[in-house]
Every structure is written in C-alpha cells, then in structure tokens.
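Take a look at the letters that make up each chain.
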Amino acid sequence: MAGGEREFKSGFISIIGRPNVGKSTFLNRVIGQKIAIMSDKPQTTRNKVQGVLTTDDAQMVFIDTPGIHKPKHKLGDFMIKLAINTFREVDLILFMINAEEGYGRGDEFIIEQLKNVKTPVFLVINKIDQIHPDQLIVLIEQYKDMYPFKEIIPISALEGNNVERLIQQIQECLPEGPQYYPSDQVTDHPERFIVSELIREKALHLTREEVPHSIAVVIDQMKQEENKDLIHVMATIVVERDSQKGIVIGKQGKMLKEIGQRARRDIENLLGSKVFLELWVKVQKDWRNKSTYLRDFGFRD
Ligand code: GDP
Ligand code: MG
Ligand code: K
C-alpha cells in the first residue's frame, strides 16, 4: 500500500461550433491515439461523453454539448441556460470554426454566450488545409478581438496538422485532478463500481464521519497479473480538502493501511482471487461540481 499523491491532470472539455466545422473529425483523429469511444455509455440528456484520451500525465474527457450545436435555431431561454451551465461545468471549451467559411451568425451567437462564463476558451481554426496562410492571418486578426481566447490554434483535423500541439495545449490548461476513467479498458465493468464502493465504505467507516460523504473512490486500474491468481487494483480516494487527506492517510500512513487491508479482504471475497491493492489519496477541490458527469458512471456524491 502506498500513500502520497501523483501529479495528474484531468478535466472535461466541451467542443462547440457550427455544424460541419469538423468536431467529429477532430475527435476521431484523437481516437486514433488511444481514445475510447464512450457513446455506448449511459447518458444524461444534457451531456454525453464522446471520448476519453488518457496520456501518462492527463486524462481529457471530451463531452458533447447539445443545443449549442445548432445556434441557428431559435433556442428557448431554457436551452440557452442549459448550454451556459454546461460551459461553466467544464474545464475548457474548444470553440471550433471552419477556416474556409470564416465568421458567421452562428459564431456570433456562441461568442455572446461565452461572455457569461469564466471557463477558458480556445479558438480552434479547423480546415487550414483548405486556405492560404495569408487568409489564416486575416482570420486570426478578425477573431482575436471578438473574445479573449486563451489560445488560438489552427489545425487540420482531417490531415492532422497541429493536432498534437492542440492536445498538448489542452493538457497544459487542465487542472490537477483524478483519472475519472480507466485507461486500460473502457468496458463498463460493474465489478469496478463494487470495488470502489467497498473501499469507500471502509474509508468512511474508519474515519468515523470526520471525512464527509463527499469522498469518492476512483478505480485507476484493475488487472489480472499474468500467469498469477492475483488481481492488481489501483485506486484513488478523492477528498475535497488537505485536512481530509491527512485524516485518510493517518499517522505514518496507518489509516490508509487499515482501509486498504479491510477493503482488500472484501474485494478478495468478491472476486474470488488474491488481490494486490494500491491506494492513493488525492485532494480535488470542488470535485462535487463535476459530479453531474460522474454520477452517470457509477460515482455517487
Ligand atoms: P461536425 O459537424 O462539426 O462534427 O463536422 P464533421 O467532423 O462531421 O466534418 C464535416 C465535414 O468536414 C466532413 O466532410 C469532414 O471530412 C470535413 N472536414 C473536417 N475536418 C476537416 C479538415 O481539417 N480539412 C478538410 N478539408 N475537411 C475537413
Ligand atoms: Mg459531428
Ligand atoms: K469566458
């Protein structure tokens, strides 16, 4: 059992823009490198996870924002509110435009909405393979005065130009956070949820309500060791404050060790196999604000 903290970034990223600007093409390209399509997952009516990209240092959860994709339609107040709330909940917004088309009324609408949120926004100018570099300069000049974009990044989602760099910039922009989804597999393993609940239960029980119920447990990995009757489970206990982290780890790691030993026994019974359990504790301020997304995937607050 190991205590301590890993430096890891994670966050939710909304890709918005008029139809046909290349949002899906971009996602598919990202899928080309290790991404997992999540479209078969349960979804809220509001947001759906489109894909998860996990690198060594970060996890990027791309989500779809219904409503804002069709800004030409007359959206009711309700839909607009919904869209704006979604903007507030994500960590980053990618506003994608089509370099060939340039500025349009749909963009004007989206930019108006963005003015009400603090979430950073990248302007992604897609389809640069279709234009002359001089045109690109004109476009950047035009857009940069419309809104304080955090970054303006020209790409070709189709040909892949600059996509790596965009991913890099996204990663840099994300806050520290837990890995929400497993990187090794994407299947909706019900066992994973039960395992996380077993750990959570032990943590809550042993800390005797000193740690509120806002605690979450994320299973980072659950893997059968090759040729061994042993399942390796890596999990992170997510708390909201440093003080809670101290309680969960305990003096010289005693509390965490106890949580781990008790949870391991239960998990071994559940899985009918020996278990090697590694636990980390991570402070994620405000993680509850992101619970809208987590709840659908078996996390509870
Ligand atoms: P979405 O509606 O925003 O999801 O747009 P799509 O990803 O479905 O793309 C719409 C069309 O634009 C498709 O025919 C894509 O092949 C094309 N497209 C997307 N990205 C690029 C690009 O970088 N360059 C070019 N030339 N075409 C692109
Ligand atoms: Mg699409
Ligand atoms: K903003």
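Conventions used here
Residues numbered from 1 in each chain as written. Chains lettered and ligands numbered in written order. Predicted model: local features only at pLDDT ≥ 70, side-chain atom pairs only at ≥ 80, totals over all residues. Heavy atoms only, no water. Donors = N, O, S within 2.8 Å, 3.2 Å for Na, K, Ca; no water. Helix = DSSP H or I, 4+ residues; strand = E, 2+ residues; numbered from the N terminus. Phe/Tyr/Trp six-rings, centres within 6.5 Å; stacked < 30°, edge-to-face > 60°. Buried < 20%, exposed > 50% of the residue type's maximum accessible area, 1.4 Å probe, protein only. Near = heavy atom within 4 Å. Polar contact = N/O pair within 3.5 Å; in protein donor to acceptor, adjacent residues only side chain to side chain. Areas by Shrake-Rupley, 256 points an atom, 1.4 Å probe, with all protein chains shown as cover. Nonpolar A, V, L, I, M, F, W, Y, C, P; charged D, E, K, R; others polar. Salt bridge = Lys/Arg side-chain N within 4 Å of Asp/Glu carboxyl O. Pairing = 2+ DSSP bridges. Axes fitted to C-alpha atoms, helices over the stretch in contact; angles between N-to-C directions. Contact = heavy atoms within 4.5 Å. Core = buried A, V, L, I, M, F, W, Y, C linked by side-chain atoms within 4.5 Å. Expected span 1.5 Å × (residues − 1). Arc of directions from axis to C-beta.

1. A word on the coordination of the potassium ion (ligand 3)
So, point 1. Ligation of the potassium ion (ligand 3) by protein atoms is provided by V117 (O) and Y147 (OH), these donors lying 2.0 to 2.3 Å from the ion. With a gap of 30 residues between them, V117 in the loop between α3 (105-114) and β6 (121-126) and Y147 in the loop between α4 (133-144) and β7 (151-154) connect regions that are remote in the sequence.

2. Observations concerning the packing of aromatic side chains
How two aromatic rings sit relative to each other is set out by the distance from centre to centre and by the angle between their planes.
So, point 1. In total, this model carries 4 aromatic pairs according to the counting rule given.
So, point 2. Ring geometry for Y147 versus F149: centroids 5.1 Å apart, planes at 55°, classification tilted. The two residues Y147 and F149 agree in class, both being buried.
So, point 3. Each member of the aromatic cluster is reached from another via a ring pair, and the members are F95, Y147 and F149.

3. A closer look at the site of ligand 1
So, point 1. Contacts to ligand 1 come from 14 residues, most closely from N20, K23, T25, K127 and D129.
So, point 2. A distance of 2.6 Å separates an oxygen atom of ligand 1 from a polar atom in the side chain of T25.
So, point 3. A distance of 3.1 Å separates a nitrogen atom of ligand 1 from a polar atom in the side chain of N126.
So, point 4. Calculation on ligand 1 without its partners gives an accessible area of 580 Å², and the protein chains cover 73% of this total.
So, point 5. Sort the elements by how many residues they give to the shell around ligand 1 and helix α1 (residues 23-31) lands first, with 3 residues.
So, point 6. Residues belonging to the shell around ligand 1 are distributed by class as follows: 4 nonpolar, 7 polar and 3 charged.

4. What to know about the pattern of salt bridges
So, point 1. Inspection of the entire model under this criterion finds 8 salt bridges.
So, point 2. The salt bridge partner of K202 is E201, with a shortest N-O separation of 2.6 Å.
So, point 3. Under the relative-accessibility criterion, K202 is labelled buried at 9%.
So, point 4. Of the charged contacts in the structure, one is a salt bridge between E268 and R264, with a shortest N-O distance of 3.6 Å. Residue E268 and its partner R264 are located together in helix α8 (residues 254-271), separated by 4 residues, close to a single helical turn.
So, point 5. Salt bridges here are not isolated pairs; linked through shared partners, they connect E141, K144 and D145.

5. Quick notes on the sheet that holds strand β10 (residues 274-283)
Working definition: the strands of a sheet are paired by backbone hydrogen bonds and lie parallel or antiparallel to each other.
So, point 1. Strand order in this open sheet of 3 strands is β8-β9-β10, and the pairing throughout is mixed. Among the strands making up the open sheet, the edge pair consists of β8 (216-224) and β10. Between one strand axis and the next, the sheet turns by 15° as a mean value, whatever way the strands run.
So, point 2. As paired elements, β8 and strand β9 (residues 230-239) share 8 bridges and run antiparallel to each other. Within the sheet, the bridge partner assigned to K223 lies in β9 and is H232.
So, point 3. Seen against the sheet, helix α7 (residues 242-249) touches β9 and β10 and runs at an angle of roughly 155° to β10.
So, point 4. Contacts from α8 reach β8, β9 and β10 within the one sheet, and its direction differs from that of β10 by about 135°.

6. Section: the nonpolar core
If you look at soluble globular proteins, the nonpolar side chains tend to sit buried side by side.
So, point 1. With 29 residues, the main nonpolar core has I93, F95, L114 and I125 as its most contacted residues.
So, point 2. Mapped onto this core, the elements with two or more residues apiece are β1 (9-16), β4 (58-64), α2 (77-89), β5 (92-98), α3, β6 and α4.
So, point 3. Excluding its chain neighbours within four sequence positions, the residues that come into contact with I93 are S14, I16, F87, L114, V117, T119, P120, V121 and F122.
So, point 4. L204, I237, L271 and V281 belong to the second-largest nonpolar core, a separate cluster that totals 28 residues.

7. Points about the packing of α7 against α8
So, point 1. Viewed as axis vectors pointing N to C, α7 and α8 meet at an angle of 65°, and their least axial separation amounts to 5 Å. Residue-level inspection shows I247, V248 and I249 of α7 in contact with α8, the latter providing K254, M255, L256 and I259.
So, point 2. Considered class by class, the residues forming the contact of α7 with α8 number 6 nonpolar, no polar and 1 charged.

8. Points about the environment of T25
So, point 1. Within the secondary structure, T25 sits in helix α1.
So, point 2. Between the alpha carbons of T25 and L158 there is a distance of 6.4 Å; along the sequence they are 133 residues apart.
So, point 3. Among all residues touching T25, those that are not within four sequence positions of it are A157 and L158.

9. Side note on the side chain of S156
So, point 1. Tracing the backbone through its elements, the reader meets S156 in the loop between β7 and α5 (163-173).
So, point 2. According to the relative accessible area criterion, S156 is buried, its value standing at 0%.
So, point 3. Here D129 takes part through its side chain, which lies 2.8 Å from a polar atom of the side chain of S156.

10. Quick look at α4
Three or four residues apart is the spacing at which side chains of an α-helix point the same way, because the helix has 3.6 residues per turn.
So, point 1. The terminal C-alpha atoms of α4, which comprises 12 residues, lie 17 Å apart, in line with the 16 Å expected from a rise of 1.5 Å per residue.
So, point 2. Those residues of α4 lying buried are L136, L139 and Y143. One side of α4 carries all its buried residues, which in axial view fall inside an arc of 60°. Opposite the buried face of α4, at more than 90 degrees from it, the exposed residues are I137 and V138.
So, point 3. If you follow the buried residues of α4, they end up packed against β5, α3, β6 and β7.

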